[in-house]
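Tertiary structure, described
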Amino acid sequence: MGQAPEWRFDPLTGRRVLISPDRGDRPIHPTGTCPFCEGREAETPPEVLAFRAPGSAPNGAGWRVRVVPNRYAAVRLDLGEPGALVTGAAPTPVANAPGSPRLREAGIGVAEVFLESPRHETAFRNLSQSQAADAVRAWRDRLRHWHDDGRLGFALVFKNEGPAAGASVDHCHSQLIGVPVVPPAVAEEVRLAGPGCVFCGWVAAELGGPLHVAESDGFAVLCPPAPRFPGETWVLPKAHGPAFETLSEPEAGELAAVTRDLLARVHRAFGGPDFNLIVKSTPFRHAGPYHWRIEILPRTTTTAGWEWGTGLLINTVFPERAAELLRAAT
């Protein structure tokens, strides 16, 4: 391991940035044998969860989905208690907000990788239904694990598929990063959720409307009214639910089918773009309203100077048009 990760705080805005040198050491698009394929288990850290054939040994062949610690983790649990100051150098006070001094903090947290197929598949949409359902169940089970662990305040499951989306290995996989703090953007979203759930009424109103793409018994697929990227689409439960980790076994299978179908539609409608998949779920110790969802962000455009300078995104496709294209992409 190299230099330990640290949170740094911008003195003007209070912006929190994670500096993690180990992430720079990860192999980018490695050639030769794939470390995530079955038979290469010795090339990853020992598994923390696996769905396996009966009688198969841990950290060997016979798995359907494996979860392992990220060897090039952005955060680490061995750096002390949440909120610990950086050791080895005098901490430098900075202003997180007017009148609220902050210090550099250790980059405490957990990072895991979900290996979603023992064979070398590169696209989630091409997984079998049972394989995709196992991946969804693994997401749920690891979120549940870290919720119950009690040391973290928030964890995010996400998938980067393709180089434009930030993937460094093409084998079908996803990740979890958990940290003791609730990220500011997540905290603001939770605050804006208000005393009642804004999503429940929106989902019901949009079924069959211009932003509606598809649905199943339990889930709605909708384009958001202010999408960040052309073809951005969300999968939401029709019934109110704040936490993804409460997903039932039947719901996991149904969600996997809906997500595979949506990704196939995005592939056909928008020319096979790389994409980010984000599981948005409530912070672990939040008791207020929230409505979990899966967000699909096709990377068909690039953020540039205007976006970075203002925080305001420019999209070239109205969501109603994107929904029309996705409905037709059967």
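Here, the structure is the one placed above.
First things first, this report covers the structure right here in the doc.

Counting its secondary structure elements, the chain contains six helices and 15 strands. The globule rule puts the C-alpha radius of gyration for 330 residues at 20 Å, and the 20 Å found for the chain is close to it. Expressed as lengths along the three principal axes of its C-alpha atoms, the size of the chain is roughly 60 × 55 × 40 Å. Counting all 330 residues of the chain, 48% fall into the buried class. Total accessible area computed for the chain in this model is approximately 15100 Å², and 58% of it derives from carbon and sulfur atoms.

A few words now on the packing of helix 4 (residues 249-269) against helix 6 (residues 319-328). Look at helix 4 against helix 6: their axes get within 8 Å of each other, and the N-to-C directions meet at 105 degrees. When the interaxial angle is binned, helix 4 and helix 6 end up roughly perpendicular. Here Arg265, Val266 and Ala269 of helix 4 come into contact with helix 6, specifically with Leu325, Leu326 and Arg327. When its residues are assigned to classes, the contact of helix 4 with helix 6 shows four nonpolar, no polar and two charged.

This next bit is on unusual backbone geometry. Look at Asn59: it is not a glycine, yet its phi comes out positive at around 60 degrees. Structurally, Asn59 can be placed in the loop between strand 3 (49-52) and strand 4 (63-69). A relative accessible area of 35% means that Asn59 is categorised as partly exposed.

This part takes up the side chain of His291. Mapped onto the elements, His291 comes out in the loop between strand 14 (275-280) and strand 15 (293-298). Within the structure, His291 has its side chain in polar contact with the backbone oxygen of Pro237 (distance 2.7 Å). Not counting residues within four places of it along the chain, the set of residues in contact with His291 comprises Cys197, Phe199, Cys200, Leu236, Pro237, Ala239, His240, Gly241 and Pro242.

To continue, consider the sheet that holds strand 7 (residues 105-106). If you trace the three strands from one edge of the open sheet to the other, you get 2-1-7, paired in antiparallel fashion. Each end of this open sheet is capped by a strand with a single partner; those strands are strand 2 (16-19) and strand 7. In this sheet, strand 7 lies alongside strand 1 (residues 6-9) in antiparallel orientation, the contact comprising two bridges. Considered in strand 7, the bridge of Trp7 is made with Glu105.

Scanning all chains against the criterion turns up 27 salt bridges. Across the pair Lys280 and Glu189 runs a salt bridge, and its minimum N-O distance is 3.1 Å. Of this pair, Lys280 sits in strand 14 while Glu189 is found in helix 2 (residues 184-192), placing the two residues 91 residues apart along the sequence. Here Lys280 matches Glu189 in class, with each residue buried. Among the ionic pairs, Asp261 bridges to Arg265, the shortest N-O distance being 2.8 Å.

Further remarks concern the packing of helix 1 (residues 129-149) against helix 4. Packed helices, taken two at a time, are described by the angle between their axes plus the distance between the axes. Relative to each other, helix 1 and helix 4 sit at 120 degrees, their axes nearing to 8 Å. In terms of axis orientation, helix 1 runs oblique to helix 4. Where helix 1 crosses over helix 4, the two elements pack in a sense that is right-handed. On helix 4, the residues touching Gln129, Ala132, Ala133, Val136, Arg137 and Arg140 of helix 1 are Glu249, Ala252, Gly253, Leu255, Ala256, Ala257 and Arg260. Residue classes in the contact of helix 1 with helix 4 are distributed as seven nonpolar, two polar and four charged.

Reading the values: rules and limits
Residues numbered from 1 in each chain as written. Predicted model: local features only at pLDDT ≥ 70, side-chain atom pairs only at ≥ 80, totals over all residues. Heavy atoms only, no water. Helix = DSSP H or I, 4+ residues; strand = E, 2+ residues; numbered from the N terminus. Rg over C-alpha atoms; globule rule 2.2 N^0.38 Å. Buried < 20%, exposed > 50% of the residue type's maximum accessible area, 1.4 Å probe, protein only. Areas by Shrake-Rupley, 256 points an atom, 1.4 Å probe, with all protein chains shown as cover. Axes fitted to C-alpha atoms, helices over the stretch in contact; angles between N-to-C directions. Parallel < 35°, antiparallel > 145°, perpendicular 65-115°, else oblique. Contact = heavy atoms within 4.5 Å. Nonpolar A, V, L, I, M, F, W, Y, C, P; charged D, E, K, R; others polar. Polar contact = N/O pair within 3.5 Å; in protein donor to acceptor, adjacent residues only side chain to side chain. Pairing = 2+ DSSP bridges. Salt bridge = Lys/Arg side-chain N within 4 Å of Asp/Glu carboxyl O. Left-handed = near helix turned anticlockwise from the far one by under 90°.

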